[in-house]
Each structure stands twice: as C-alpha cells, then as structure tokens.
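Single-letter residue listing:
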Amino acid sequence: MTDSDVEELSVSPSAPSGQAKFFLGFDFGTTHSGIAYAFENCPEDLEVIQEWPEGGNNSSQKVPTLISFRGDTALWGYMVNEMKPCIRGFKLLLDKSKNLSYGPAIESEAIIQSLDKKPVDIAGIYLKKLMSHARTILCRRGIESVLDTMDVQYIVTVPAVWSDKAKDLTMQAARLAGIPQANLVLLSEPEAAAVDAIRTIQPNSITQDDCFIVCDAGGGTVDLITYKVTQKDPLRLEEVTEGTGAICGSTILDNAFQKLLIETISKTHYDQLSDEAKRIPMRIWEKDIKPNYAGQDLEDADADDFLDAGYIIPVPGVPDCPEKHIRNGMLYFESEQVEKIFRPVVEQIKSLISDQVLGAKLAGIPPKAVILVGGLGSSEYVFKALKTCFTGMEVMQPRNA
Ligand SMILES: Nc1ncnc2c1ncn2[C@@H]1O[C@H](COP(=O)(O)OP(=O)(O)OP(=O)(O)O)[C@@H](O)[C@H]1O
Ligand SMILES: [Mg+2]
C-alpha cells in the first residue's frame with residue numbers, strides 16, 4: 001500500500017480538501033505484519049519500517065504476528081519465544097465464517113479464552129503495539145508530530161475474502177489500538193499488494209493497457225485481483241475483476257505436515273510427547289523444509305536417487321518404529337510425501353488464478369502476466385507449478401514481494 005497509488009486504489013481522503021495527508025499503513029498478516037508510511041506529496045519517499053524491538057540488527061520488512069503475556073505485560077513480534085506457548089494466527093480467528101482448521105490458531109483460541117479475552121482483544125493489543133512502534137520510529141525520524149498536526153490516513157489491510165463481520169472486527173481491533181475510526185480505511189490485501197508488485201517489476205515488460213493478475217499467497221489467505229495499467233508514470237491502475245481468494249495460505253501446509261506427522265508416529269505416541277518435542281518438527285518444517293521445497297525435477301530423471309534424498313526430522317522422545325522409518329528419535333519423510341502436502345494447495349491456487357483469467361477475458365482484457373507475491377508466493381515449487389500450468393502468461397516473482 002502506498003502513496004498516491006493508494007488514492008488511485010479508492011482510499012478516499014477524509015481531510016478538508018487542500019490539506020496534504022500522511023499515510024500510515026499496517027499490513028496485518030496471519031503470520032507476519034508490516035508498517036509503512038508516506039507523505040501524500042512525497043510518495044517516492046515511502047518508508048517500510050525495518051527495525052523491530054528485539055529484532056536484532058537484521059533488518060526485516062515484517063515482524064511476526066505473535067503475542068504472549070508475561071504477567072499483565074503483552075510481548076509481541078520478535079520478543080515472543082515461539083518455542084513457548086504463545087498466541088498466533090489470531091487474525092484468522094476474526095473470521096469465524098471460514099471453516100478454521102489452522103492448528104496454532106485453534107490452540108491460541110483456547111489460550112485467549114483462558115485469559116478471558118476475545119480474538120478481537122488480542123488483535124487490538126497487537127495493532128496497538130504496531131501503532132506505538134510506528135510512533136517510536138516516527139519519533140526517531142524526527143517527524144512524530146505529523147500524527148498530531150497532519151491529516152493522517154490510517155490503513156489496515158484485510159483479505160479479499162473477509163466477511164463483513166470480520167471487517168467490522170478488524171475496525172474494532174483498530175479502535176482498541178487507538179486508531180481514530182474516522183481516519184481509518186480497510187484496504188483489500190490484493191489491492192495493497194498490487195501497487196507494490198507492479199512497482200517492483202517496473203520497468204520490465206508491463207506497459208500501458210497491459211492487464212495482470214496479482215496473486216498474494218500469504219500465510220493465511222491467498223488473495224487475487226486483476227488490474228489494467230491505465231498509466232505507467234505515475235502508475236495508475238484500474239480494477240478489471242473483483243478481488244477473490246481463499247483460506248489456502250502457507251499455514252494450510254503446516255496443518256497438513258502436522259497431520260502427516262501424527263499419522264506417522266500415531267496419535268497415542270504424539271499425545272505422549274512433550275510440548276517442546278511437538279514444536280521441534282514443526283519448526284524444522286516451517287523454517288527449513290517448507291521454504292526450500294522445490295519439487296522433483298522430472299526432466300532430470302537420472303538424478304532421481306539424489307533428488308529423492310528425503311528429510312530426516314528429529315522428534316525427541318518418539319519410540320522406534322522401523323516399518324515407519326522412525327529410529328533414535330528421528331523420522332524420515334520422502335520428498336513425494338512433501339509434494340503431497342503442497343499439491344492440493346497449489347491446485348487451489350491454480351483454480352483461483354483460472355477464475356481471474358476467465359473474469360479478465362470476459363471483460364475483454366486477457367491478462368499478460370500473473371505476479372506472485374507473499375510468503376507462499378515466494379515458493380520455488382509454487383512458481384514452477386504455475387509456470388507449467390499457465391503457459392500463455394508470464395509468471396513473475398518480484399524481489400522482496
Ligand atoms: N518459500 C516458501 N514456501 C512456502 N511458504 C513460505 C515460503 N516462504 C515463506 N513462507 C510462509 O509464508 C507465510 C508468510 O507469508 P506472508 O508474510 O506473505 O503472510 P501473512 O501476511 O502473514 O499472511 P496473510 O497475508 O495471509 O494474512 C508463512 O506461513 C511462511 O511460513
Ligand atoms: Mg499478508
């Protein structure tokens with residue numbers, strides 16, 4: 001979400017005309033969130049915040065969407081020890097109309113209830129932390145006063161498929177965070193991703209009147225929209241189709257991995273593991289196996305033996321079971337098993353893209369490219385699968401999307 005482009009994407013100003021605005025945007029994600037700000041009259045100076053409390057010296061455009069409590073004090077983002085019980089995936093708890101199956105969010109729901117709170121309260125606490133961090137950074141930049149002296153347009157992103165109830169709860173969470181409702185707009189995630197994506201791929205092959213699909217495949221949802229470029233410089237976009245999407249983000253892969261893990265070691269043995277022993281294989285999956293999985297290169301048949309090296313995963317305390325390849329607290333998965341985890345999610349993404357292609361064709365503007373963004377959108381496997389499927393279009397993966 002940005003600058004003048006935001007305005008083009010139908011974010012309406014609430015200020016008296018003539019007064020320049022200051023945009024402060026929160027990308028409230030299922031697994032990671034971000035903050036960006038810009039002055040209306042200097043859109044090219046958009047800053048995406050990269051410093052986070054306890055984030056170390058590594059700069060990162062996003063901070064984990066995590067909350068935990070130490071007494072009454074809420075810890076957030078990088079302060080939270082993921083290996084200990086914490087509240088995650090709470091964004092998905094805002095939309096109960098979707099059939100929620102994300103394990104960590106269900107576990108978090110129980111923690112939230114035990115604290116006598118609701119998901120909206122946790123979202124409010126998290127957004128308040130983001131808001132206060134934004135203030136800290138603006139203060140460091142010497143421009144904190146803009147929040148009190150300028151007309152501020154606050155923006156919070158929501159998935160394309162969010163129900164009205166979920167949008168309302170997002171607004172409530174923002175209110176709890178102290179964001180003035182009159183100055184707040186909710187921006188659909190694929191719209192927010194679109195401007196960023198096309199800016200990143202410019203000046204590549206996209207020119208005026210080109211039509212492209214933006215597919216933001218994140219942690220919770222996959223959100224899509226199709227735009228036509230009506231002007232290249234400054235960039236102006238016109239919506240060709242409505243935003244669509246589904247809850248088939250990367251956390252669905254995590255669920256499927258956990259299911260395979262439980263099936264393999266048996267529910268009885270799984271239930272006997274310590275919480276920490278349960279978290280270790282999940283962490284290896286999320287940090288190592290999943291992001292690096294690129295699929296099997298079928299063209300290189302001779303290399304089959306090497307490519308199917310599979311994965312050895314520690315599960316401390318799991319009893320040996322040679323017929324299930326479990327020995328000395330380690331289990332083994334073949335890459336074929338990992339592919340089976342990815343396949344249904346990729347099929348769903350293909351079908352969502354096909355619907356957008358159809359919508360754009362019906363509008364008389366066949367899309368030239370699909371631009372993949374978001375965490376799951378950065379997957380090599382997803383990229384290759386979409387390239388093989390959509391041969392008539394370019395499939396693009398912008399840097400830092
Ligand atoms: N290469 C990869 N392959 C698959 N998944 C990935 C890869 N890289 C990151 N991820 C996953 O992507 C997710 C983070 O992506 P992103 O920040 O776009 O999501 P989000 O904004 O938190 O979610 P959403 O927008 O759906 O609410 C995490 O679940 C992470 O594990
Ligand atoms: Mg996101």
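Keep in mind it's a predicted model, so treat the numbers as computed, not measured.

(A) Fine view of the sheet that holds strand β7 (residues 87-88). With antiparallel pairing, 3 strands are arranged side by side in an open sheet as β6-β5-β7. Since the sheet does not close on itself, it has two edges, and those belong to β6 (73-76) and β7, each with one partner. As judged from the 2 bridges shared by strand β5 (residues 66-70) and β7, these two strands associate in the antiparallel manner. Bridging across to β7, isoleucine 67 finds its partner in isoleucine 87.

(B) The site of ligand 1, seen in detail. In the neighbourhood of ligand 1, 23 residues make up the surrounding shell, with Gly29, Gly218, Gly219, Gly375 and Ser379 lying closest. Breaking the shell around ligand 1 down by element, the ones donating at least two residues are α7 (250-265) and α9 (275-292). Sort the elements by how many residues they give to the shell around ligand 1 and α9 lands first, with 3 residues. Of the residues contributing to the shell around ligand 1, the split by class is 2 nonpolar, 16 polar and 5 charged. When residues of the shell around ligand 1 are assigned to domains, at least three fall in each of domain 1 (3-190) and domain 2 (202-401).

(C) Main features of the packing of α7 against helix α11 (residues 335-362). Between α7 and α11, the shortest axis-to-axis distance is 9 Å and the interhelical angle comes to 140 degrees. One finds that α7 runs oblique with respect to α11. Along this stretch, α7 crosses α11, giving a crossing that reads as right-handed. Here Ile252, Leu253, Ala256, Phe257 and Leu260 of α7 come into contact with α11, specifically with Gln337, Ile341, Phe342 and Val345. For the contact of α7 with α11, the residue count by class is 8 nonpolar, 1 polar and no charged.

(D) Fine view of the domain arrangement of the protein chain. Looking at the protein chain, the domain boundaries give domain 1 (3-190) and domain 2 (202-401). Using only C-alpha atoms to locate each centre, domain 1 and domain 2 end up separated by 25 Å. Each partner contributes to the interface: domain 1 provides 22 residues, whereas domain 2 provides 24 residues. For the side of domain 1 that touches domain 2, the elements supplying multiple residues, two or more each, are α1 (3-8) and α6 (189-201). If you tally residues by element for the side of domain 1 that touches domain 2, the top one is α1, at 3 residues. Split by residue class, the side of domain 1 that touches domain 2 holds 8 nonpolar, 9 polar and 5 charged.

(E) Broad picture of the sheet that holds strand β15 (residues 326-327). Taken together, 3 strands build an open sheet; the order of strands is β14-β16-β15 and the sheet is antiparallel. Both outer strands of the open sheet, β14 (311-314) and β15, are each paired with one neighbouring strand and no more. Here 4 bridges tie β14 to strand β16 (residues 330-333), and the two strands are oriented antiparallel to one another. What sits directly across from isoleucine 313, in β16, is leucine 331.

(F) A look at the packing of α11 against helix α12 (residues 380-389). One way to put it is that α11 packs onto α12 with a least axis distance of 10 Å and a crossing angle of 50 degrees. Taken together, α11 and α12 sit at an angle that is classed as oblique. For the element pair α11 and α12, the recorded crossing hand is right-handed. Only Tyr381, Val382, Ala385, Leu386 and Cys389 of α12 make contact with α11, whose side of the interface consists of Phe342, Val346, Ile349, Lys350 and Ile353. Here the contact of α11 with α12 is built from residues that sort into 9 nonpolar, no polar and 1 charged.

(G) View of α12. Among the residues making up α12, those that are buried are Tyr381, Val382, Ala385 and Leu386. Buried positions in α12, seen along its axis, are confined to an arc of 125 degrees and lie on one side of it. Against the buried residues of α12 lie β10 (211-217), α11, β17 (369-373) and β18 (394-396).

(H) Up close: the pairing of strand β12 (residues 236-239). Where strand β11 (residues 222-231) meets β12, 4 bridges bridge the pair, whose relative direction is antiparallel. Residue pairing across strands places lysine 228 opposite glutamate 238, the latter belonging to β12.

(I) Region of the structure containing unusual backbone geometry. We note that aspartate 209 has phi near 75 degrees; this positive angle belongs to a residue other than glycine. Looking at the secondary structure, you find aspartate 209 in the loop between α6 and β10. Unusually for a residue other than glycine, serine 266 sits at a positive phi of about 80 degrees. Among the secondary structure elements, serine 266 is positioned in the loop between α7 and α8 (267-272).

(J) Region of the structure containing the environment of glycine 295. With respect to the helices and strands, the residue glycine 295 is situated in the loop between α9 and α10 (304-307). Judged by the 20 C-beta atoms lying within 10 Å of it, glycine 295 is buried. C-alpha separation for the pair glycine 295 and glutamate 191, spaced 104 residues apart in sequence, amounts to 30 Å. Filtering out sequence-adjacent residues up to four positions away, glycine 295 remains in contact with Glu339, Tyr381 and Lys384.

(K) Molecular detail of the nonpolar core. Within the largest apolar cluster, 98 residues are counted, with the highest numbers of intra-cluster contacts made by Val214, Cys215, Val370, Ile371 and Leu372. At 8 residues, the largest contribution of residues to this core is made by α11. When residues of this core are assigned to domains, at least three map to each of domain 1 (3-190) and domain 2 (202-401). Sequence-distant contacts of isoleucine 371, defined by excluding residues within four places in its chain, comprise Ala197, Ile201, Phe212, Val214, Cys215, Met396 and Pro398.

Calculation criteria
- Residues numbered from 1 in each chain as written.
- Chains lettered and ligands numbered in written order.
- Predicted model: local features only at pLDDT ≥ 70, side-chain atom pairs only at ≥ 80, totals over all residues.
- Pairing = 2+ DSSP bridges.
- Helix = DSSP H or I, 4+ residues; strand = E, 2+ residues; numbered from the N terminus.
- Near = placed C-beta within 6 Å.
- Nonpolar A, V, L, I, M, F, W, Y, C, P; charged D, E, K, R; others polar.
- Domains from an automatic or database assignment.
- Axes fitted to C-alpha atoms, helices over the stretch in contact; angles between N-to-C directions.
- Parallel < 35°, antiparallel > 145°, perpendicular 65-115°, else oblique.
- Left-handed = near helix turned anticlockwise from the far one by under 90°.
- Contact = placed C-beta atoms within 7 Å.
- Buried ≥ 20, exposed ≤ 12 C-beta atoms within 10 Å, placed from the backbone.
- Arc of directions from axis to C-beta.
- Core = buried A, V, L, I, M, F, W, Y, C linked by C-beta atoms within 7 Å.

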